[in-house]
Amino acid sequence: MKMRFLWPLTLFALLAGLLGIGLTLDPKKVDSPLINKNAPAFDLGQLNDSTLHISPDNLKGQVWMLHVWASWCSVCRGEHPLINRLSTMQGLTLVGLNYKDDRLAALSWLNKLGNPYQAVAFDPEGKAGLDWGVYGVPESYLIDKHGVIRYKEVGPINDTVLKETLLPLIAQLQAETL
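Let us look at the structure shown here. (Residues numbered from 1 in each chain as written. Predicted model: local features only at pLDDT ≥ 70, side-chain atom pairs only at ≥ 80, totals over all residues. Heavy atoms only, no water.)

Overview of the packing of helix α2 (residues 74–86) against helix α3 (residues 103–113)
Counted only if it meets this: Note on definitions: angles span 0 to 180 degrees between N-to-C directions of axes, and those axes are lines fitted to C-alpha atoms, for helices only across the stretch in contact. Numbering of helices and strands runs from the N terminus; a helix is a DSSP stretch of H or I covering at least four residues, while a strand is a stretch of E covering at least two. Throughout, the term roughly parallel applies to angles under 35 degrees, roughly antiparallel to angles over 145, roughly perpendicular to angles from 65 to 115, and oblique to all others. Crossings are sorted by hand: turned counterclockwise from the far helix by less than a right angle, the near helix makes the crossing left-handed, and turned clockwise it makes it right-handed. Pairs of residues are marked as contacts when any of their non-hydrogen atoms sit within 4.5 Å. Think of it as three bins: nonpolar holds Ala, Val, Leu, Ile, Met, Phe, Trp, Tyr, Cys and Pro, charged holds Asp, Glu, Lys and Arg, and polar takes everything else, Gly as well.
At their nearest, the axes of α2 and α3 sit 11 Å apart, and the two run at 55° to each other. Viewed along their axes, α2 and α3 adopt a mutual orientation that is oblique. Note that α2 runs across α3; the crossing there is right-handed. Contacts between α2 and α3 involve C76, R77, H80 and N84 from the former and W109, L110 and L113 from the latter. Of the residues assigned to the contact of α2 with α3, the class counts are four nonpolar, two polar and one charged.

Following this line, the structure appears as structure tokens:
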């Protein structure tokens, strides 16, 4: 009779332990299977001119960041001043990926808040975002000169992430030779 009650108690203890471990994890830190892999290919029209295309192949030889954003994203609006600052860094090409957005709304948003991007790929259906493993906006990917994703930030970049993680990694990547 004791064994009959021992199994449910053991199962409950195991599940409670797993739940306890899960509660200690940072939900913002989502490991990406793309880290240290080649950046997924896309060939998208640019937001401001659909006849001009942007592709990761165009960016080989440069340290660049793909920043996924949308005009409907309130968190993106709060992060935007930092992205504007980031765009002034020498040696970093900042590319936007406008994700599941309306073209006119996105253009208006950039005209109002400033356009920090050297180019903005327009992904209205989110197909390129899906290939990149986008969970939501904003997200940022740092890509090295060889076209390999070296870092992913899920959610907005803040000053701490910028100073302690991104700036040192960008400097390291810039110093690497092709």
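Description of the pairing of strand β6 (residues 139–143)
Basically, it comes down to this: Burial status follows relative accessibility: with a 1.4 Å probe on protein chains alone, a residue under 20% of its type maximum counts as buried, one over 50% as exposed, and anything between as partly exposed. Strands qualify as paired when DSSP identifies two bridges or more between them.
Most of β6 is tucked away, with five of its five residues classed as buried. Covered by surrounding structure in β6 are E139, Y141 and I143 together with S140 and L142, the residues of both alternating faces. The sheet contact formed by strand β3 (residues 64–69) and β6 spans five bridges and is antiparallel. If you follow M65 over to β6, its bridge partner there is L142.

Details of the pattern of salt bridges
Selection criterion: Salt bridge criterion: a side-chain nitrogen from Lys or Arg within 4 Å of a carboxyl oxygen from Asp or Glu.
This structure, assessed with the given rule, holds five salt bridges. With its nearest N and O atoms 2.6 Å apart, the salt bridge here joins D159 to R85. Of this pair, D159 sits in helix α5 (residues 159–175) while R85 is found in helix α2, placing the two residues 74 residues apart along the sequence. The partner of R150 in a salt bridge is E176, with the nearest N and O atoms 3.5 Å apart. Note that R150 is positioned in strand β7 (residues 149–154) and E176 in the segment after α5, a separation of 26 residues in sequence. E176 gets classed as partly exposed once you look at its relative accessible area, which sits at 27%. Members of the salt-bridge network, linked through shared partners, are D144, R150 and E176.

Observations concerning the nonpolar core
The test is simple: Here the nonpolar core consists of buried residues drawn from Ala, Val, Leu, Ile, Met, Phe, Trp, Tyr and Cys, with membership extended through side-chain atoms lying within 4.5 Å.
Of all hydrophobic cores here, the largest spans 48 residues; its most connected members are L66, W69, W132, L142 and L166. Sorting the residues of this core by element identifies β3, α2, β4 (93–99), α3, β5 (119–123), β6, β7 and α5 as the ones contributing at least two each. No other element matches the six residues that α5 contributes to this core. In this structure, L142 is in contact with V63, W64, M65, L92, V148, I149, R150, Y151, L166, L169, I170 and L173, ignoring residues within four places of it in sequence.

Details of the pairing of β4
The condition is simple: For crossovers, right-handed means that the path from the first strand over the helix to the second runs clockwise, given strands pointing away from the viewer.
The buried fraction of β4 amounts to seven of the seven residues, a majority that puts the element mostly inside the structure. Pairing of β3 with β4, which is carried by six bridges, proceeds in the parallel orientation. Within β4, the residue paired with H67 across the bridge is G96. Handedness of the crossover joining β3 and β4 through α2 is recorded here as right-handed. Summarising the sheet, β4 and β5 pair through five bridges and their orientation is parallel. Counterpart to N98 in the pairing with β5 is F122. Crossover handedness for the path β4 to α3 to β5: right-handed.

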